[in-house]
Amino acid sequence: MRQIPVDTAQMTVMLIQAPEPKVKNRETGEIAQDRTTGKTLYNVNVAVIVDGKPDAVTIVVAEDGRSPDLVPGMPVTFPGLVARPWETSNGHGISYRATAVMAATPVAASNGKGESR
């Protein structure tokens with residue numbers, strides 16, 4: 001499957017809610033697992049803000065990639081974020097997967113002269 005790297009440098013990404021296990025089958029309640037490692041997959045719901053316009057996006061992360069200090073409303077970062085186009089007979093779209101989700105480190109404010117305030 002084709003994977004497209006996603007650069008989040010020009011956007012703000014904020015956690016909407018705590019990561020939750022990804023449900024593979026809604027009827028049985030079966031939880032999704034990574035095909036290679038067998039680790040539980042989690043849905044991470046975020047608001048992606050570009051040019052002041054937010055969009056809600058779900059990004060999938062394996063259980064060992066979740067930082068324990070995540071709080072809704074905080075800025076987060078996704079190392080290894082990729083987009084995967086998909087298509088079935090029922091529709092098409094883009095899914096997102098990352099190796100981890102963690103709190104974003106604040107960037108020091110600049111005074112415009114290359115100096116931090």
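Anyway, here's the lowdown on the structure attached to this text. In this text the structure is predicted, and so the values were computed from the model without any measurement. (Residues numbered from 1 in each chain as written. Predicted model: local features only at pLDDT ≥ 70, side-chain atom pairs only at ≥ 80, totals over all residues. Heavy atoms only, no water.)

## Remarks on the pattern of salt bridges
The following threshold applies: A side-chain nitrogen of Lys or Arg and a carboxyl oxygen of Asp or Glu constitute a salt bridge if their distance falls within 4 Å. By the criteria applied, helices consist of DSSP H or I runs no shorter than four residues and strands consist of E runs no shorter than two, each listed in order from the N terminus. Per-residue accessibility, obtained with a 1.4 Å probe over protein chains only, is compared with the maximum for each type, and a residue is labelled buried under 20%, exposed over 50%, and partly exposed between these values.
Under the counting rule described, the total for this entry stands at two salt bridges. Arg97 is the partner of Asp34 in a salt bridge, and the nearest nitrogen-oxygen pair spans 2.6 Å. With Asp34 in the loop between strand 5 (30–31) and strand 6 (41–50) and Arg97 in strand 10 (residues 91–98), this residue pair connects regions lying 63 residues apart in the sequence. A residue is classified by how much of its surface remains accessible, and Asp34, at 14% relative accessible area, is buried. Here Asp64 ties to Lys39 by a salt bridge, and the two come within 2.7 Å at their closest N and O atoms.

## Section: the pairing of strand 9 (residues 82–88)
This is how the line gets drawn: Strands were regarded as paired on the criterion that DSSP finds at least two bridges between them.
In the sheet, strand 1 (residues 4–5) pairs with strand 9 via two bridges, with the strands oriented antiparallel. Note on strand 9: the bridge partner recorded for Ile4 is Ala83. Here strand 9 folds back onto strand 10 in antiparallel fashion, the turn holding two residues.

## Remarks on the pairing of strand 6
Burial within strand 6 is extensive, with seven of its ten residues counted as buried. As defined by bridge partners, strand 2 (residues 12–15) adjoins strand 6 across four bridges and the pair is classed as antiparallel. Looking across to strand 6, one finds that Met14 is bridged to Ala47. With two bridges joining them, strand 3 (residues 20–21) and strand 6 adopt antiparallel strand pairing.

## With respect to the packing of aromatic side chains
Rule in force here: Each aromatic pair joins two rings of Phe, Tyr and Trp (for Trp, the six-membered one) with centres within 6.5 Å, and gets the label stacked for planes under 30 degrees apart, edge-to-face for over 60, and tilted for any other angle. Only Lys NZ and Arg CZ are tested; either one counts as a charge over a ring when it is within 6 Å of the ring centre and within 35 degrees of the ring normal.
According to the stated counting rule, one finds zero aromatic pairs in the structure shown. Over the ring of Tyr42 we find Arg66; its NZ or CZ atom is 3.8 Å from the centre of that ring.

## Thoughts on the environment of Ile31
Quick note on the threshold: Here, two residues are considered to be in contact whenever any of their heavy atoms come within 4.5 Å of each other.
Position of Ile31 among the secondary structure elements: in strand 5. Separated by eleven residues in sequence, Ile31 and Tyr42 place their C-alpha atoms 9.1 Å apart. Setting aside anything within four residues of it in sequence, one finds Ile31 in contact with Pro21, Lys22, Val23, Lys24 and Thr40.

## Side note on the nonpolar core
Heads up, the condition is: Residues grouped as a nonpolar core are buried Ala, Val, Leu, Ile, Met, Phe, Trp, Tyr and Cys residues, joined through side-chain atoms within 4.5 Å.
Counting residues in hydrophobic clusters, the biggest one holds 15 residues, and the most contacted among them are Val46, Ile59, Val76 and Phe78. At the level of secondary structure, the elements contributing two or more residues to this core comprise strand 2, strand 6 and strand 7 (53–62). The contact partners of Ile59, leaving out residues within four places of it in the chain, are Tyr42, Asn43, Val44, Val46, Phe78, Leu81, Tyr96, Arg97 and Ala98.

## Regarding the side chain of Thr40
Assignment of secondary structure puts Thr40 in the loop between strand 5 and strand 6. Owing to a relative accessible area of 18%, Thr40 belongs among the buried residues under this scheme. Once residues within four sequence positions are removed from consideration, Thr40 is found in contact with Pro21, Ile31, Ala32, Gln33, Val61, Ala62 and Glu63.

## A look at the side chain of Asp34
We count it as follows: Here a polar contact is taken to be a pair of N or O atoms separated by no more than 3.5 Å, where protein atoms must pair a possible hydrogen donor with a possible acceptor and residues adjacent in sequence count only if both atoms sit in side chains.
Of note is the side chain of Asp34, whose polar atom sits 2.6 Å from the side chain of Arg97. Aside from chain neighbours lying at most four places away, what touches Asp34 is Lys39, Leu41 and Arg97.

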